[in-house]
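Survey of secondary and tertiary structure
One letter stands for each residue in the lines below.
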Amino acid sequence: MLTPPSQLLLRNINDLTGKVLLVEPMADDLARELAQAAPELQLFCYTTDKTVANSWQAQSEAPCFFSVALTSEEVFDTVVIFYPKSKEQLSFSLSQLTANISAKTEVYLVGDNKGGIKSLTGHAEKLGLTAHKLDNAKHCLWFALNGLADKPQPAIAMQQFSAKTAHSSIKFCSLPGVFNHGKLDIGTAILLEHVAHIHQGTVLDFACGAGIVGSYLLQQQPALKMYCSDVSALAVDSSKATFALNQQSATVLAADGMPNGTPLFDHIISNPPFHTGIKTDYSVAQKFIDDSKGKLKSGGSLTIVANAHLPYAEWLKTTFGNVKELARRQGFVVYMSRKS
């Protein structure tokens, strides 16, 4: 199965030559489809998403670089960038390509119209580059990006931020592409007002983002044994930097879903994602709730914050047999369930 951006890439497969690097592709069957349609191409993948990395590695023996920084020493003939969720992340991705392109490298971007790619021409101009629309299908756009070899994009370093919570302030670190980069989102802020029951034991902050929840809990209860996990390498590095900044100790893991090799937890806490790319995907959160029960000790708690319109209470009730509403405000609800 292919997402629309991947279908548009295949439609323009004749633009691809030689060594082809796909930057932040989707978690679909593109690796397999490309290998079958154009076996002469040498394919490579650079992604900061663990789900994409797992999908790629299951389909292809071609190299996949799962990391914050592109660690390849190859110089690519073609680069295809899948338009990310934010313009800041696009700038970050472009900055990673400096050592891997030449004046002869062809650079393309593909993305869903709803994801912001329509503004690429103007954004490229601000970066000193030019973008030309080449194709339009499947509600997606295919662009050529020119000038990157002549005007390398500056490296983007980890940034430090601070935010006020209801009971204290917190310092944290973040990279572009991390959920709510540089900000404390409303849902997480409300969640942090209702964590008094998490005062001892082993804790997992699932989908940890920049590590704000885990760091706040350690600020309040330094004896907690903290684990954090996220599908994003950008989030993992940001969380590690947040804990280092605050002189705290935590285990931070990259994981597609529940992390493996961890102990059972006394508490799991999360502001769980309900999007895959730009599309709503309830299966991510529903699987997280189902899997949480098996990762909790008897009597352990799962605490989450969610948009009020989402059916989390129903899922929690089905999985745990109980659900308690801790707060409801500004379109968000904080729920807690306990494992019997």
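Shown above is the structure to which this text applies.
Residues numbered from 1 in each chain as written. Predicted model: local features only at pLDDT ≥ 70, side-chain atom pairs only at ≥ 80, totals over all residues. Heavy atoms only, no water.

1. With respect to the nonpolar core
- In this structure, Leu21, Val79, Ile81, Leu94, Leu97 and Leu217 are the most contacted members of the largest nonpolar core, which totals 61 residues.
- Excluding residues that lie within four positions of it along the chain, Leu21 makes contacts with Phe44, Cys45, Tyr46, Leu70, Phe76, Thr78, Val79, Val80 and Leu97.
- Leu30, Ala31, Leu34 and Leu41 belong to the second-largest nonpolar core, a separate cluster that totals 27 residues. (Core = buried A, V, L, I, M, F, W, Y, C linked by side-chain atoms within 4.5 Å. Buried < 20%, exposed > 50% of the residue type's maximum accessible area, 1.4 Å probe, protein only. Contact = heavy atoms within 4.5 Å.)

2. Points about helix 10 (residues 312-320)
- For helix 10, the full list of buried residues reads Tyr312, Trp315, Leu316, Thr319 and Phe320. Mapping the buried residues of helix 10 onto a view down its axis gives an arc of 100°, with all of them on the same face. Turned more than 90 degrees off the buried face of helix 10, the exposed positions are Glu314 and Thr318.
- Where helix 10 is buried, its residues meet helix 9 (282-295), strand 16 (296-307) and strand 18 (332-338).
- Downstream of helix 10 by one or two residues, Gly321 has phi in the positive range, about 80°. (Helix = DSSP H or I, 4+ residues; strand = E, 2+ residues; numbered from the N terminus. Arc of directions from axis to C-beta.)

3. Some remarks on empty space enclosed by the protein
- This structure, assessed with the given rule, holds one cavity of 30 Å³ or more.
- Along the walls of the largest cavity sit Pro25, Met26, Ala27, Asp28, Leu30, Ala31, Val52, Ser55, Trp56 and Gln59, which together make up its complete lining.
- Looking at the lining of the largest cavity, the elements that each hand over two or more residues are helix 2 (30-37) and helix 3 (50-59).
- Counting residues per element, the lining of the largest cavity draws most heavily on helix 3, at four residues. (1 Å grid on protein atoms, 1.4 Å probe; cavity = no way out; pocket = protein on both sides within 12 Å on 5 of 7 lines; lining within 4 Å. Points joined across faces, edges and corners; volume = space filled by probe spheres on them.)

4. Looking at the side chain of Asp205
- For Asp205, the location among the structural elements is in strand 10 (residues 202-206).
- Buried within the structure, Asp205 lacks any salt-bridge partner; its nearest side chain of opposite charge belongs to Lys240, at an N-O separation of 14 Å.
- For Asp205, the side chain forms a polar contact with the main-chain nitrogen of Gly214, separated by 3.4 Å. (Lys, Arg positive; Asp, Glu negative; His and termini not counted. Salt bridge = Lys/Arg side-chain N within 4 Å of Asp/Glu carboxyl O. Polar contact = N/O pair within 3.5 Å; in protein donor to acceptor, adjacent residues only side chain to side chain.)

5. So, the sheet that holds strand 5 (residues 106-112)
- What the seven strands build is an open sheet, ordered 3-2-1-4-5-7-6; its pairing is mixed. Every other strand in the sheet has two partners, leaving strand 3 (64-66) and strand 6 (130-137) as the edge strands with one partner each. Taking the axes of each pair of neighbouring strands and ignoring which way they run, one obtains an average angle of 20° across the sheet.
- Here strand 1 (residues 19-23) pairs with strand 2 (residues 42-47) via five bridges, running parallel. Opposite Leu21, over in strand 2, you have Phe44 as the bridge partner.
- Running over the sheet, helix 2 touches strand 1, strand 2 and strand 4 (78-82) and is turned about 165° from strand 2. (Pairing = 2+ DSSP bridges. Axes fitted to C-alpha atoms, helices over the stretch in contact; angles between N-to-C directions.)

6. Quick look at the packing of helix 1 (residues 4-11) against helix 2
- For the pair helix 1 and helix 2, interaxial distance at closest approach is 11 Å and the crossing angle is 10°. Taken together, the axes of helix 1 and helix 2 are roughly parallel relative to one another. Across the interface between the two elements, Ser6, Leu9 and Leu10 of helix 1 pack against Leu30, Glu33 and Leu34 of helix 2. (Parallel < 35°, antiparallel > 145°, perpendicular 65-115°, else oblique.)

7. Some remarks on the pairing of strand 4
- Counting buried positions along strand 4 gives five out of five residues, so the element sits mostly inside the fold.
- Where burial is concerned, the two faces of strand 4 agree: the one with Thr78, Val80 and Phe82 and the one with Val79 and Ile81 are both buried.
- Of the pairings in the sheet, the one linking strand 1 to strand 4 comprises four bridges and is parallel in character. In the sheet register, Val23 faces strand 4, and the bridge partner there is Ile81.
- Direction of pairing for strand 4 relative to strand 5: parallel, over a ladder of five bridges. Each residue of the ladder has a partner; that of Val79, found in strand 5, is Val107.
- For the crossover from strand 4 across helix 4 (residues 87-95) to strand 5, the handedness is right-handed. (Right-handed = clockwise from strand over helix to strand, strands pointing away.)

8. Focus: the sheet that holds strand 16
- Read from one edge of the open sheet, seven strands run 12-11-10-13-16-18-17, paired in mixed fashion. With partners counted over all chains shown, the strands left at the sheet margins are strand 12 (251-254) and strand 17 (324-329), one partner each. Here the average twist between neighbouring strands, direction ignored, is 15°.
- In the sheet, strand 10 pairs with strand 13 (residues 265-270) via four bridges, with the strands oriented parallel. Each bridged residue has a counterpart across the sheet, and for Val203 the counterpart in strand 13 is His267.
- Helix 9 contacts strand 10, strand 13 and strand 16 of the sheet and is inclined by roughly 155° relative to strand 16.

9. Overview of the environment of Phe44
- Looking at where Phe44 falls in the secondary structure, it is placed in strand 2.
- Residues in contact with Phe44, not counting those within four places in the same chain, are Lys19, Val20, Leu21, Leu22, Trp56, Pro63, Phe65, Glu74 and Phe76.

10. Some remarks on unusual backbone geometry
- A positive phi is found at His139, a non-glycine position, where the angle reads about 60°.
- Relative to the assigned elements, His139 resides in the loop between strand 6 and strand 7 (140-146).
- The exposure class of His139 is exposed, given its relative accessible area of 64%.
- The residue Asn180 is not glycine, and still its phi comes out positive at about 50°.
- Of note, Asn180 is situated in the loop between strand 9 (169-174) and helix 6 (186-192).

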